[in-house]
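Chain by chain, the residues run as shown.
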Amino acid sequence: MTSAADTAPAAPKAKRDRTHYLYIAVIIAVAAGIAVGLAAPDFAVGLKPIGTGFVALIKMMISPIIFCTIVLGIGSVRKAAKVGAVGGIALSYFMVMSLVALGIGLVVGNILEPGTGLAVTDAIKDAGHAQVDAEAKDTTEFLLGIIPTTIVSAFTNESVLQTLLIALLAGFALQGMGSAGQPILRGIEHIQRLVFRILAMVMWAAPIGAFGAIAAVTGSAGLDALKSLAVLMLGFYVTCFLFVFIVLGILLRVVSGLNVFTLFKYLGREFLLILSTSSSESALPRLIAKMEHLGVSKPVVGITVPTGYSFNLDGTMIYMTMASLFIADALGTPMSIGEQIPLLLFLLVASKGAAGVTGAGLATLAGGLQSHKPALVDGIGLIVGIDRFMSEARALTNFAGNAVATVLIGTWTKEIDKERVNQVLAGQLPFDEKTLLDDAHGGPAEDHVEVPEQGGEKELAKA
């Protein structure tokens, strides 16, 4: 007798995701960019607009994605207090981890003393002073700057926090409208699908953008700058590595029971994108999509990720600590512990006012030193040449910190589907690279308001 298993048709062979080849192309483009930067530096520097243009394409998608994600997340939960709890836990965690990152950078910087013996010329002093941003904002101006001029202007400025504020207000308003707000939520859901589809299209330009960005960085810095400042660079990279895989890794294992290597493997394409563009913002939309797909609820993702990009800058904290000590040593005026701690605490606050600024790490450092210890500004020119290479480690560390934070806060607030997390990380539920959305998963069922199905929605999706 023939069994059902013998007569059943063979399952169709799964097609390889086409975006797999896209990211292979990105790796090839990065290698080619480095080769061109070393072989023809002047030509490579001229390719900078290519990388800048690609990052600009990604940035133009950030505001609408954040708005849609937060409005849908908040508008679909029953209790507004839950959203406030998530925000409070997130900000408290961000502050604690910023202090931990500063402390680690302080210890390593004092051990290495990488700036000792370097000479500071007049040209280096001029380069340092050129980095001081005359438009740098203090904390009060930063807080007032969160409020946009109009509701629409929040989408045209580069401030993530302005978009966050408008999205929070809209989400709570829709939540208060009850069933009357459901048609608006459905409209925003369709807009979100459109925006993510556009983002998926933009990502096909990633190899070209990566080539231009890496070639320009390599061509402008060259080997001489890398050799002379190798100790600082290596020390910074090692410190970031230890922070991510020891501090964040242990925290992730203890709180959520997850392996940090498994989580980062899931986010591998995002890390590659950041490495090739030197910008963590280039991966912000994809981080939102992937954290929701992982099983973290929309409210937690929508609040933690955008807020973290302004307040959870672990890599920037480590960078400012080590760079400050490096500059002080290079100028022959090493700081005592009593001088280091007030300066670093000041930079901790100052960094929150530089969110969204291009080259925020160097600009924040220059502005902070100018305000707190002006004599050290002369030495900033020493690290201008390698700042872009260090910005990659900053961006990677900041991204890793925000990814881990999203999982931790989801665990603490019980807004994470642990069974789904295990399935996703095991590769059983692959991420949809075509839409960057997962329509089948909307977070824990008890947290969402039931929305009646519209008859024509499935037919519209098929069309």
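Here is what the cut-offs are and how they apply
- Residues numbered from 1 in each chain as written.
- Predicted model: local features only at pLDDT ≥ 70, side-chain atom pairs only at ≥ 80, totals over all residues.
- Heavy atoms only, no water.
- Helix = DSSP H or I, 4+ residues; strand = E, 2+ residues; numbered from the N terminus.
- Buried < 20%, exposed > 50% of the residue type's maximum accessible area, 1.4 Å probe, protein only.
- Contact = heavy atoms within 4.5 Å.
- Salt bridge = Lys/Arg side-chain N within 4 Å of Asp/Glu carboxyl O.
- Patch = residues over 30% accessible without salt bridge, like charges linked within 9 Å, V, L, I, M, F, W, Y side chains within 5 Å.
- Areas by Shrake-Rupley, 256 points an atom, 1.4 Å probe, with all protein chains shown as cover.
- Polar contact = N/O pair within 3.5 Å; in protein donor to acceptor, adjacent residues only side chain to side chain.
- Core = buried A, V, L, I, M, F, W, Y, C linked by side-chain atoms within 4.5 Å.
- Phe/Tyr/Trp six-rings, centres within 6.5 Å; stacked < 30°, edge-to-face > 60°.
- Lys NZ or Arg CZ within 6 Å of the ring centre and 35° of its normal.
- Axes fitted to C-alpha atoms, helices over the stretch in contact; angles between N-to-C directions.
- Parallel < 35°, antiparallel > 145°, perpendicular 65-115°, else oblique.
- Left-handed = near helix turned anticlockwise from the far one by under 90°.
- pLDDT = per-residue confidence, 0-100.

Asker: A description of the overall build of the protein should follow, citing residues and the corresponding values.
Answerer: Within the protein one finds 22 helices and zero strands. Scored against the burial criterion, the 463 residues of the protein give a buried share of 51%. Of all intrachain contacts in the protein linking residues separated by at least 6 positions in sequence, the fraction that spans at least 24 positions is 84%.

Asker: Could you give an account of helix H14 (residues 284–294), naming the residues involved and the relevant values?
Answerer: Three or four residues apart is the spacing at which side chains of an α-helix point the same way, because the helix has 3.6 residues per turn. In terms of residue burial, H14 counts as a mostly covered element, since 11 of its 11 residues are buried. Phi for glycine 295, located one or two positions after H14, is positive at around 125 degrees.

Asker: I'd like to hear about the pattern of salt bridges, residue by residue, with values.
Answerer: For the coordinates displayed, the defined rule picks out four salt bridges. The salt bridge involving arginine 193 is made with glutamate 189; its shortest N-O contact spans 3.2 Å. Taken together, the residues arginine 193 and glutamate 189, both in helix H9 (residues 182–202) and four residues apart, mark about one turn of the helix. A salt bridge links lysine 298 to glutamate 292; the shortest N-O distance between them is 3.0 Å. No difference in accessibility class separates lysine 298 from glutamate 292, as the two residues are buried. In this structure, a network of salt bridges that share partners links the residues Glu270, Arg286 and Lys290.

Asker: Outline a nonpolar patch on the surface, listing residues and values.
Answerer: Together, Val238, Phe241, Leu242, Ile246, Ile250 and Val254 make up a nonpolar patch on the protein surface, roughly 570 Å² of accessible area in all. Mapped onto the elements of the fold, isoleucine 246 is located in helix H11 (residues 230–256).

Asker: Outline the side chain of threonine 307, listing residues and values.
Answerer: Summarising the element assignment, threonine 307 is placed in helix H15 (residues 298–311). A distance of 2.6 Å separates a polar atom in the side chain of threonine 307 from the backbone oxygen of isoleucine 303. With near-sequence residues (within four places) excluded, threonine 307 lies in contact with Leu91, Phe94, Leu164 and Asn312.

Asker: Which residues make up the nonpolar core, and what values go with them?
Answerer: If you look at the biggest cluster of nonpolar residues, it comprises 112 residues, and the most contacted ones within it are Leu263, Leu267, Met291, Leu294 and Leu365. Ranked by residues supplied to this core, first place goes to helix H4 (residues 48–75) with 12 residues. Beyond its immediate stretch of four places on either side in the chain, leucine 263 contacts Leu252, Met291, Leu294, Val404, Val407 and Leu425.

Asker: Provide a residue-level description of the packing of aromatic side chains, including the pertinent values.
Answerer: Scanning the entire structure with this criterion turns up nine aromatic pairs. Aromatic side chains phenylalanine 236 and tyrosine 319 sit 5.9 Å apart centroid to centroid with 70 degrees between the ring planes, which places their arrangement in the edge-to-face category. Here the residue phenylalanine 236 occupies a position in helix H11, and tyrosine 319 occupies one in helix H16 (residues 314–330), the gap between them amounting to 83 residues. For the pair formed by phenylalanine 236 and tyrosine 319, the shared burial category is buried. The cationic tip of lysine 290 hangs over the ring face of tyrosine 266; the distance from NZ or CZ to the ring centre is 4.9 Å. The residue whose ring lies beneath arginine 394 is tyrosine 319, and the NZ or CZ to ring-centre distance is 4.2 Å.

Asker: If you had to explain the packing of H4 against H15 to someone new, which residues and values would you point to?
Answerer: One way to put it is that H4 packs onto H15 with a least axis distance of 7 Å and a crossing angle of 140 degrees. Classified by the angle their axes make, H4 and H15 are oblique. Crossing of H4 over H15 shows left-handed handedness. Contact residues: Ile66, Thr69, Ile70, Leu72 and Gly73 in H4; Lys298, Pro299, Gly302 and Pro306 in H15.

Asker: Break down the confidence of the model for the protein for me, with residues and values.
Answerer: In this model, the protein carries a mean pLDDT of 74, and residues with pLDDT of at least 70 account for 71%. Confidence over residues 119–125 falls short of pLDDT 50; this stretch has 11 contacts with residues more than four positions distant or in other chains. Per-residue pLDDT stays below 50 along residues 353–358; that stretch engages in eight contacts with residues further than four places along the chain or on separate chains.

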